[in-house]
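Next come the chains, spelled out residue by residue.
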Amino acid sequence: MARILARSGESIARLANWQWLATPAGAIDSPATLPGEGWHEAAAPGTVAGTLRNQGRLDEAGAASIADQDHWYVTRLNAPLAGALRFEGLATITEIWIGGEKRAESASMFLPVELTVKADAGTAISLCFRALNPKLASAPRRSRWRPAMIQPNGLRWFRTTALGSAPGWCPPGLPTGPYRPVTRVERQTCARAIGGIDLRTGYEGGTGTVSLTIRLSESSPAPTDALLRCAGAEAPLRPTDPDTLSGTLSLPGIAPWFPHTHGEPALHGLTVTLGGETLDLGRIGFRSLTVDRRADGDGFGLIVNGVPVFCRGACWSSADVTTLACGRAAYEPWLRMAREAGMNMIRVPGVMAYEDESFFALCDELGIMVWQEMALANFDYPQADEGFRDAIRAEAEHLLDRTQGSPSLVVLCGGSEVFQQAAMLGAPPEAWSGPVFDELLPAVVAAKRPDIAYVPNSPSGGALPFVANAGVTHYYGVGAYMRDLDDARRAEVRFAAECLAFANVPEEVSLAGGHMPAITHHPEWKRGVPRDASASWDFEDVRDHYLGRLYGLDPARLRREDPERYFALSRATVAEVMEASFAEWRRPASPTRGALVWLLQDLRPGAGWGVIASDGEPKSAWYGLQRAFRPVQLTITDEGVNGLALHLINERPEAVSAIVELTCWREGHLAVVKASREVTLDARSARTLSAFELIGRFFDITYAYRFGPPGHDATSVLLRDAVSGAVLAEAFHFPLGRGHERHELGLSAALEADGESWSVRIAAERFAQSVEIVDAGWRPAQNWFHLAPGEERLVALKPRRTGLGRPSGFARAVNGRREAGY
């Protein structure tokens, strides 16, 4: 309700000019005894850590000690107020004082507080955020299991985020302060008449429906001319009770909302007229959603508007972990990068924090589905405690209320790794779940958002919560468990809510920013490398394992003797592993219906899990995913003695006429086999073509028969548009491995201008592996791609800032000896 009223019949202004003061825990009981000195201008909305960062005083020791002190924020009303004050998010144990009177206390950073206020200009508004660490230390300690990843165990009693409490991968410091806006609210006449709104949308058989129920405030008579309008149609709202108006609008032929990979994310404006005033309720979308469990009942997949959708994307961390920044400006760069990479789903894990309404509005616009988890992770929560259950219920209801009209929200999940943590630490199956996950949350979803799917926990669904071949898994067979790449198929993954975590090395431009030393094993470098708190290895060791497997080199020796090449091959490795894994999961015969990479963005500078660096620069993994996620796609899998399987996928609503071109290369430049075929890919279809069928004769294309020396060392397959000749997708296979030899490739890079836009044309005389474009001022739209001899790649260059001159950079390949400048 707050979301709808805020953009319609309310006058809202943020309170500004906050001052901040840290005091010893418990030393000051009320604002009356606050000292007059020592105050600092506060970043609000924001956190204590954000204020310290603005002052240049934030370090890890200081961040970790924030929760040892009380923190006071004070401002004054700049005009009289006869309305309300709304506190959207207070982290975490907070007292609210207005004019020297304590008006409320808040114990959850996830629930807003709204207070009716009538006050003069100059009235003091004071917030006291009480020290959390002493409360954590005194919390009940007994639990059936204690996670190592999040500490301390007392956090399970408090409704606050795990961010800042996961020492293996997150900067320290419990978020503290008014991290969401504090606003003064003065309602217009029409809005004052509204006590609550319930909005429901549906889509079936080509017809969209929107149902609206308005609960009137006690003092307001029911209007006689209430109308609901959407997409050029209208329907009356009629009294159903003395204080309730309801109506349903049916819209045959309305354009439905699709994830952007499968159609258009159509949105439609919605308004309601009451007593002659029109309220804008924003834009809504119409879609249907069902869960596909497959014939064996062990699957998990989403069907949107009758269309099966392969969900791919990444797990969200934070737009800014220091401030927990919110709002369109904070979210948009990250979400647009996700869309540009072809992601159609973002998961907000239980270890993070809830994002505000603009996050969902952007996902609505961009056609990105949201898998939202409750902020519950790993702990043995006190589910028998009535107060705890009430807090979770209120939290879930608030979340679903404020996203009522959002078509992008498709999954609410009970939390992250609660079941897994219990099972891995030996708890019996009956201890894994509990009433919050089995009863409370499903009931809230059924009441508030029956159009979304509910998942009890991530992972869950199999004989053990984390097995890959049933339900939802966190898959790290390829990755942390260092299994061979073919484990991506052997594991029979059904849906990976997280997977493929690596210490992804930032690009050259990020390293040049000087936020970390570009020297691996330096203590400052290792600070940015994630690790499980109880493990004897980190995720750089994981990446090194696959570097050795793919390129036949000793990573430790390479790192010591040629660090620049070590970085290049490290970047190439993760892109190759990403593409190979998704090639297995997206093939038509795969049981996999979705996979989300851990994580979208880094929380701090360094070789973190993020496929986007903390400075917003995409890493090599992002570029690999951009190719792996194409809606019109060609992938290759090695089927041994059955040759190469060519998987052709068209997720778009239109048919595609294309040509498949296959070439086998010897010594990187001699074409020993060439074959092609015209194909028509029907709308939303997939098929598999045998390379043997395409070639029409025997050729040991996978070098599985080994009747003699290998006849080639690489295969390239292109999918071209039959009309324009443009390359829609390409895939490559290396029957002898990628190797580590370097050659003279005849690599060239030529700059081309088109008005004020720039591109660079890359070509090579010999097969070029993992071509990298490096330019300090301009970001390449494509990178870390293979290039077959005779093929050209025109890569758009995007300015990183305004006022740049002519691009100047170079291209290089991991198997090349020379760079090509432009």
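None of the values given here were measured: they were computed from a predicted structure.

*Asks:* How should I be thinking about the side chain of Ser30 in this particular structure?
*Replies:* Within the secondary structure layout, Ser30 lies in the loop between β2 (19-24) and β3 (40-41). When sequence neighbours within four positions are dropped, the list of residues in contact with Ser30 reads Trp72 and Trp97.

*Asks:* Help me understand the pattern of salt bridges in this model?
*Replies:* When the charged atoms of two side chains with opposite charge come close together, those side chains can pair. Using the criterion set out here, one finds 64 salt bridges in the structure. The residue Asp544 makes a salt bridge to Arg543 at a minimum N-O spacing of 3.8 Å. In this structure, Asp544 and Arg543 share a single accessibility class: buried. Between Arg800 and Glu617 there is a salt bridge whose closest N-O contact spans 2.6 Å. Placement of the pair is Arg800 in the loop between β42 (792-799) and β43 (809-813) and Glu617 in the loop between β29 (594-597) and α17 (620-628), with a sequence separation of 183 residues.

*Asks:* In this structure, what is going on with empty space enclosed by the protein? I would like to understand it.
*Replies:* Using a probe with the size of a water molecule, rolled over the atoms, empty space left in the structure can be pinpointed. Within this structure, the stated rule accounts for five cavities of 30 Å³ or more. Considering only enclosed or pocket space, the largest cavity measures out at about 120 Å³ in volume. Looking at the largest cavity, it is lined by 13 residues, and the ones nearest its centre are Trp169, Asp602, Leu603, Gly608 and Trp609. For the lining of the largest cavity, the residue count by class is six nonpolar, four polar and three charged. In this structure, the second largest cavity occupies an estimated 100 Å³ of space.

*Asks:* How should I be thinking about unusual backbone geometry in this particular structure?
*Replies:* Excluding glycine, a negative phi dihedral is what most residues carry, and trans is how most peptide bonds are arranged. Note the cis peptide between Ala44 and Pro45, where omega equals 5°. Relative to the elements of secondary structure, Pro45 occurs in the loop between β3 and α2 (48-54). With omega at -5°, the peptide bond leading from Ala91 into Thr92 counts as cis. Within the secondary structure, Thr92 sits in the loop between β5 (81-87) and β6 (94-98). Its identity is not glycine, yet Glu417 carries a phi of approximately 60°, on the positive side. Along the chain, the position of Glu417 falls in the loop between β25 (409-413) and α9 (418-424). What makes Glu417 buried here is its relative accessible area of 12%. Positive phi, close to 60°, is recorded for Trp784, a residue that is not glycine.

*Asks:* Even after reading the chapter, I still don't get the pairing of strand β24 (residues 369-373), so can you show me in this structure?
*Replies:* Working note: regular strand, side chains alternate between the two faces of the sheet. β24 sits mainly inside the fold: five of its five residues count as buried. In terms of strand pairing, strand β23 (residues 345-348) meets β24 through four bridges, oriented parallel. What sits directly across from Met345, in β24, is Met369. Tracing the backbone out of β23, into helix α7 (residues 357-366) and back to the parallel element β24 gives a crossover that is right-handed. Where β24 meets β25, four bridges bridge the pair, whose relative direction is parallel. Note that in β25 the partner of Trp371 across the bridge is Val411. The β-α-β motif built from β24, the intervening helix α8 (residues 386-401) and the parallel element β25 has right-handed crossover chirality.

Reading guide: rules and limits
- Residues numbered from 1 in each chain as written.
- Predicted model: local features only at pLDDT ≥ 70, side-chain atom pairs only at ≥ 80, totals over all residues.
- Heavy atoms only, no water.
- Helix = DSSP H or I, 4+ residues; strand = E, 2+ residues; numbered from the N terminus.
- Contact = heavy atoms within 4.5 Å.
- Salt bridge = Lys/Arg side-chain N within 4 Å of Asp/Glu carboxyl O.
- Buried < 20%, exposed > 50% of the residue type's maximum accessible area, 1.4 Å probe, protein only.
- 1 Å grid on protein atoms, 1.4 Å probe; cavity = no way out; pocket = protein on both sides within 12 Å on 5 of 7 lines; lining within 4 Å.
- Points joined across faces, edges and corners; volume = space filled by probe spheres on them.
- Nonpolar A, V, L, I, M, F, W, Y, C, P; charged D, E, K, R; others polar.
- Pairing = 2+ DSSP bridges.
- Right-handed = clockwise from strand over helix to strand, strands pointing away.

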